[in-house]
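Residue-level listing of the chains:
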Amino acid sequence: MDWMKIGSAVLLIAMILFLWPRAKMMLKHSPEAKPGDWQGVILPILAVVGFVILLAMLV
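Residues numbered from 1 in each chain as written. Predicted model: local features only at pLDDT ≥ 70, side-chain atom pairs only at ≥ 80, totals over all residues. Heavy atoms only, no water.

Some details on the overall build of the chain
Line of reasoning, step 1. On a plain count of helices and strands, the chain comes out with two helices and zero strands.
Line of reasoning, step 2. Its C-alpha atoms give the chain a radius of gyration of 20 Å, more than 25% over the compact-globule value 10 Å for 59 residues.
Line of reasoning, step 3. The principal-axis extent of the C-alpha atoms belonging to the chain is close to 50 × 40 × 10 Å.
Line of reasoning, step 4. Burial status across the chain gives 0% buried among its 59 residues.
Line of reasoning, step 5. Carbon and sulfur atoms make up 78% of the accessible area of the chain, which amounts to about 6,000 Å² in all. (Helix = DSSP H or I, 4+ residues; strand = E, 2+ residues; numbered from the N terminus. Rg over C-alpha atoms; globule rule 2.2 N^0.38 Å. Buried < 20%, exposed > 50% of the residue type's maximum accessible area, 1.4 Å probe, protein only. Areas by Shrake-Rupley, 256 points an atom, 1.4 Å probe, with all protein chains shown as cover.)

Shown next, in the form of structure tokens:
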């Protein structure tokens, strides 16, 4: 096995271990989503999907 692969795996695991407590804290203290917030997420996603479909049909 290559030492670079082992080193990369060790660093990846260390990064996950260091970020896990911070991610839990951010999720705990994040604001709750309101009903109007979801519309602000869904509309741009639908616009991108529609644009991709349009581009695929034009090809």
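Looking at a nonpolar patch on the surface
Line of reasoning, step 1. A grouping of Trp 38, Val 41, Ile 42, Leu 43, Ile 45, Leu 46, Val 49, Ile 53 and Met 57 is seen on the molecular surface, where their side chains present a nonpolar patch of about 930 Å² in accessible area.
Line of reasoning, step 2. For Leu 43, the position within the fold is in helix H2 (residues 35-58). (Patch = residues over 30% accessible without salt bridge, like charges linked within 9 Å, V, L, I, M, F, W, Y side chains within 5 Å. Salt bridge = Lys/Arg side-chain N within 4 Å of Asp/Glu carboxyl O.)

Some thoughts on the environment of Leu 58
Line of reasoning, step 1. Structurally, Leu 58 is set in helix H2.
Line of reasoning, step 2. Here Leu 58 falls in the exposed class, since its relative accessible area comes to 64%.
Line of reasoning, step 3. Sequence separation between Leu 58 and Gly 7 is 51 residues; the distance between their C-alpha atoms is 46 Å.

Quick notes on helix H1 (residues 3-28)
Line of reasoning, step 1. Its 26 residues give H1 an end-to-end C-alpha distance of 38 Å, which sits within 8% of 38 Å, the value for a rise of 1.5 Å per residue.
Line of reasoning, step 2. Its maximal kink placed at Leu 19, H1 deviates by approximately 35°, while the proline Pro 21 follows within four residues.
Line of reasoning, step 3. With respect to burial, H1 is a largely exposed element, only zero of its 26 residues being buried. (Expected span 1.5 Å × (residues − 1). Bend = angle between axes of the 7 residues up to and from the residue.)

Some words on the environment of Leu 12
Line of reasoning, step 1. Among the structural elements, Leu 12 can be located in helix H1.
Line of reasoning, step 2. The exposure class assigned to Leu 12 is partly exposed, which follows from its relative accessible area of 48%.
Line of reasoning, step 3. Remark: the alpha-carbon pair of Leu 12 and Pro 31, spanning 19 residues in sequence, is separated by 29 Å.

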